[in-house]
Structures are given as C-alpha cells and as structure tokens.
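For reference, the chains in residue letters:
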Amino acid sequence: MHMKIVNIMNFVRQIDERFENSTQKMLDLTTKHLRMVNEYGLPNTFLLQYDAMCRQDFQDLFLKERDENMELGVWFENCRELIESIGLPWRGREGYDWDWYVNVGFLPGYTPTQREQIIDAVFHLFQEKFGEYPQVAGSWLMDAHSMDYMCRKYNIKAFCICREQYA
C-alpha cells in the first residue's frame, strides 16, 4: 500500500512592492487559490503575513471560506506595519512597506528580544482575528531561537521553510 500525502501551502501578503496595485492583486490571487483548493477538496494551509491579517477584506475571506481542509498559520516576513507596531523603527528601503532583505524582512535580522516581540505581535493579532493561536508558522528564513520560542510559548506543531531563490 502506498500513501500519498499532499498539502497545498500558500503564504499570503497584503502588499508586494514589485507589482502595481499590489494589495488588490494579492487579494485576488489569494481568493483564486482559496477557491481552487476548496473546489477540489484539497488539504491546504494558508500562512498569513501580519499586514494581511490587519486587513478586514483578508480576514473576511478566510473567515467565510475556511473549511475542514484548511489550516491557517502565520508567515514571517516583516513589514513596516508590524515593526512599527512594536515600537521599532522601520529599517527598510525608502518607499517600501515590505522589504525582502534579510536584515529587515526576516526574524534573523533582529535581536533575540526583538524577535520575541515580533512573534508575540503576530501571534496575538492572529488570535484576536481568528480566535485561536496558529499551530504552524513559516518563512523563507527561520532561526533556532525563534522556533524554540514559538514552540515553548505558543505550542507550535510545525514549521515550513521555503528555499529562497539563490539556494
């Protein structure tokens, strides 16, 4: 007997500076992905970035469309809104609310204490919007300290790390 296990993973941003009208584009693409996995009954996980969780249209989409095949979790790419919400200055490039460079866009670019503050802000927002803490988290880059902290404090069950383009 052969067992095949497939779970479709999608990470959800509210903004991507590389595209015009990116907030609407991100919402439209997310809606299409969500409806497709629901139509085919595919197991799926949507990992939400902080800025997407802040938007009512993204919240409404997941609250309305979520079913037994869908798992929601958190995606760690730091955006201006998140970093400023914990009282740190945004170190991203001028004119960017999301920056893909490691030193600003990902947890390893911050001190361990700052990483914990970032994680707490993301988890508390998720709990506020979806009524529970997530059990899965992902990122392009994740460090051992952050993973340990999420496991100890929030009982995370699984992590995913995407292989970035240069690897």
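Residues numbered from 1 in each chain as written. Predicted model: local features only at pLDDT ≥ 70, side-chain atom pairs only at ≥ 80, totals over all residues. Heavy atoms only, no water.

### Focus: the packing of aromatic side chains
Enumeration according to the criterion identifies 13 aromatic pairs in this entry. Ring geometry for Phe 11 and Trp 140: centres 5.7 Å apart, planes at 75 degrees, overall edge-to-face. Of this pair, Phe 11 sits in strand E1 (residues 8-12) while Trp 140 sits in the loop between strand E4 (136-139) and helix H7 (144-154), and the two are 129 residues apart along the sequence. Taking relative accessible area as the criterion, Phe 11 reaches 31% and is therefore assigned partly exposed. Consider the rings of Tyr 149 and Tyr 154, whose centres lie 6.4 Å apart with planes at 75 degrees: the pair is edge-to-face. We classify Tyr 149 as buried; its relative accessible area is 8%. The exposure class of Tyr 154 is buried, given its relative accessible area of 6%. What links up through ring pairs into an aromatic cluster is the set Phe 76, Phe 123, Tyr 133, Tyr 149 and Tyr 154. (Phe/Tyr/Trp six-rings, centres within 6.5 Å; stacked < 30°, edge-to-face > 60°. Helix = DSSP H or I, 4+ residues; strand = E, 2+ residues; numbered from the N terminus. Buried < 20%, exposed > 50% of the residue type's maximum accessible area, 1.4 Å probe, protein only.)

### Focus on a nonpolar patch on the surface
Taken together, the side chains of Met 36, Tyr 40 and Leu 42 present a nonpolar region at the surface, about 330 Å² in accessible area. Looking at the element boundaries, Tyr 40 is found in helix H1 (residues 22-40). A residue is classified by how much of its surface remains accessible, and Tyr 40, at 58% relative accessible area, is exposed. (Patch = residues over 30% accessible without salt bridge, like charges linked within 9 Å, V, L, I, M, F, W, Y side chains within 5 Å. Areas by Shrake-Rupley, 256 points an atom, 1.4 Å probe, with all protein chains shown as cover. Salt bridge = Lys/Arg side-chain N within 4 Å of Asp/Glu carboxyl O.)

### Some points on the layout of surface pockets
Approximately 190 Å³ is the volume attributed to the second largest pocket. A per-element tally of the lining of the second largest pocket places H1 first, with four residues. Partitioned by chemical class, the residues of the lining of the second largest pocket number five nonpolar, three polar and one charged. (1 Å grid on protein atoms, 1.4 Å probe; cavity = no way out; pocket = protein on both sides within 12 Å on 5 of 7 lines; lining within 4 Å. Points joined across faces, edges and corners; volume = space filled by probe spheres on them. Nonpolar A, V, L, I, M, F, W, Y, C, P; charged D, E, K, R; others polar.)

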